[in-house]
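Notes for the structure review
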Amino acid sequence: MNGTQHANPRPGSGSGSDSGPGSVIVVGSGPTGLLLAGDLATAGIPVTLVEKRPRRISNLSRAFVLHARTLEQFDARALAEDVEAVGRPLDRLRLFGRLSVDLADLPSRFRHLLVLPQYEVEKVLERRAVAAGVEFRHETETTGVRQDPAQDTVTVEVRGPGGKTETLRAAYVVGADGMHSTVREAVGLPFPGRSAIRSVVLADVRLAEQPETLLSVNAVGDAFAFLAPFGDGYHRVIGWHRGRNVPDSEPLHLDEVKEITRRALGRDFGMHDPRWLSRFHSDERQVPAYRVGRVFLAGDAAHVHTPAGGQGMNTGLQDAANLSWKLAAVLHGHAGSGLLDTYQSERHPVGRSVLRSSGGIVRLAMAKRPWTLALRAALTTVLDHVGPLRRRATGHITGVGFRYPAPRGSHRLTGTRVPDVALAGGGRLYEALRGGRFVLITPHAPTPDAAPTPDASTAPASGTEAYGAAAGREDRLAVAHWASGRRTTLLVRPDGYVAWAAEDAEAARTAAALAAHVG
């Protein structure tokens, strides 16, 4: 069965085949590709987004959750209010049985997860990408990728509507084209891993009885089920039964979905009128390298894992947020190409960690042997009573607990995520980050009548003007001050992580750090 489709108008493609030496081609217009393309275009980089699907957004969805760290990234792009307006907040995530994650104490402005279908996220990101000038090529399939080191370019062979072939060229290519990535295959990268769960059932249905909770999830005996609302009167059901291991091609009937749901959740909520029924298998895979020369992989093209914890779409969006500002800095000449190597060193370990944790959640949820059941009970007890372990698990699932590697001898904050701290004059960090800029937060107090200073060009005359406008960095650096009496000088990257920090730093040391990181 097919779901209804919603068509959104998008710009048509141009006739030229060369986007220029300072351009980027993004393959795949899912959330990862849309965020990345929108970031680059906002930074003034010419972007072509190639997508083999028609020009429309499906109301069939895979992901249903935005976690706190992703909401922070959306806030840094003035998009958080857009998704909050169509989503529904949930301050506790239940994983299985009595094990749940309480988000009330999360060190974030967003102390909740947001339940909304992936297609709503795509609508928000698409509007931004269109407004920023991204060139969309729909119904255009990527058929080959070839790198030319002598010319510092990448050539992408595509087949458009009617079978017309064309050659596109750019400085860099990002494959955000999903699990069956053509870009990944073209650069010869393996995708090692295995199927973690087979014969998972999926159904989009109407319910005669509404669940008591926004998200319903549980595992009982041999059955597991997950239930989430679309917001249009339909619910998504995902289920699995240990004794029903059949090929993905085996026809699925609503009665089977009802039976699994009753076993796992206690009732089937009177589900009826399915608009979509299918089977799938959930893999755990990760490429060994996220970069090959001038070609990068992001999202499901680089890593796939079980849906446990709702981390899939979020991890891909974080990939995009990490890579976009680095590509922009290199293409604008503000950083050397070595900066792009940090995409691998920072994001590959995160992908591996998510792979392990989501797989661990599934295995514990599906526990059957006495020792695994005992382990699950012990883990539930420990997380309920040991605060540091509970906070660590919560930070991992929501994304706010990850930190990136820092050079030896760096300040202890280097590589850590910065929460939405208050700035002098009533501003806040994630407002200052908008526009893809670095933010330098200094301990110097503003003048008594100073206005909020997220713009470096309006910084009070305390020496900070030399860091921003006077140094020609006003387009990529905001200078602000702590609202508190904190003495740390902090340089925050466009993705909200600490690039450099020092206590009571003198001006010369701060200027050297800006030259090294901001250019």
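Here the structure is a predicted model, which means the values were calculated and not measured.

Criteria and cut-off values
- Residues numbered from 1 in each chain as written.
- Predicted model: local features only at pLDDT ≥ 70, side-chain atom pairs only at ≥ 80, totals over all residues.
- Heavy atoms only, no water.
- Helix = DSSP H or I, 4+ residues; strand = E, 2+ residues; numbered from the N terminus.
- Buried < 20%, exposed > 50% of the residue type's maximum accessible area, 1.4 Å probe, protein only.
- Contact = heavy atoms within 4.5 Å.
- Areas by Shrake-Rupley, 256 points an atom, 1.4 Å probe, with all protein chains shown as cover.
- Salt bridge = Lys/Arg side-chain N within 4 Å of Asp/Glu carboxyl O.
- Pairing = 2+ DSSP bridges.
- Axes fitted to C-alpha atoms, helices over the stretch in contact; angles between N-to-C directions.
- Expected span 1.5 Å × (residues − 1).

Looking only at helices and strands, the chain features 12 helices and 26 strands. For the chain, with 519 residues in total, the buried portion stands at 55%. Partitioning the contacts of the chain with sequence separation of at least 6, the portion at a separation of at least 24 is 70%. Of the roughly 21,700 Å² of accessible surface on the chain, 52% is carried by carbon and sulfur atoms.

Looking now at the pattern of salt bridges. Taken as a whole, this structure holds 33 salt bridges when the rule is applied. A salt bridge links D75 to R434, with the nearest nitrogen and oxygen atoms 2.9 Å apart. Here D75, found in helix α2 (residues 68–75), pairs with R434, found in the loop between α11 (429–432) and β23 (438–442); they are 359 residues apart in sequence, far enough to count as distant. Owing to a relative accessible area of 3%, D75 belongs among the buried residues under this scheme. You can call R434 partly exposed: its relative accessible area is 29%. For the salt bridge of D341 with R291, the shortest nitrogen-to-oxygen distance reads 2.6 Å.

Quick look at the environment of L265 now. Here L265 is to be found in helix α6 (residues 254–265). Counting along the chain gives 38 residues from L265 to L227, while the straight-line C-alpha distance between them is 9.2 Å. With near-sequence residues (within four places) excluded, L265 lies in contact with S216, V217, N218, A225 and L227.

Across a sheet, strands are paired by hydrogen bonds formed along the backbone, either parallel or antiparallel in direction. The sheet built from 6 strands is open, its strands ordered β10-β3-β2-β14-β21-β20 with mixed pairing. What marks the edges here is a single partner per strand, and that holds for β10 (135–137) and β20 (291–292). Bridge count for strand β14 (residues 172–175) against strand β21 (residues 295–297) is 3 bridges, and the pairing is parallel. Among the inter-strand pairings, V173 is bridged to a residue of β21, identified as V295. Along the sheet, helix α1 (residues 31–42) contacts β2 (24–27), β3 (47–50), β10 and β14; its crossing angle with β3, the most-contacted strand, is approximately 165°. Along the sheet, helix α7 (residues 312–331) contacts β2, β14 and β21; its crossing angle with β14, the most-contacted strand, is approximately 175°.

Bringing α1 into the picture now. For α1, with 12 residues, the first-to-last C-alpha span of 16 Å sits near the 16 Å given by 1.5 Å per residue. Counting buried residues along α1, 11 of its 12 residues qualify, which places the element largely inside the surrounding structure. Buried residues of α1: P31, T32, G33, L34, L35, L36, A37, G38, D39, L40 and A41, and no others. Of the surrounding elements, those touching the buried residues of α1 are β2, β3, α4 (118–132), β10, β14 and α7. Directly after α1, the chain includes G44, whose backbone phi takes a positive value near 90°.

Here we come to the pairing of strand β15 (residues 193–206). Note that β15 and strand β19 (residues 272–286) share 10 bridges and pair antiparallel. Residue pairing for β19: A203 is matched across the bridge by L277.

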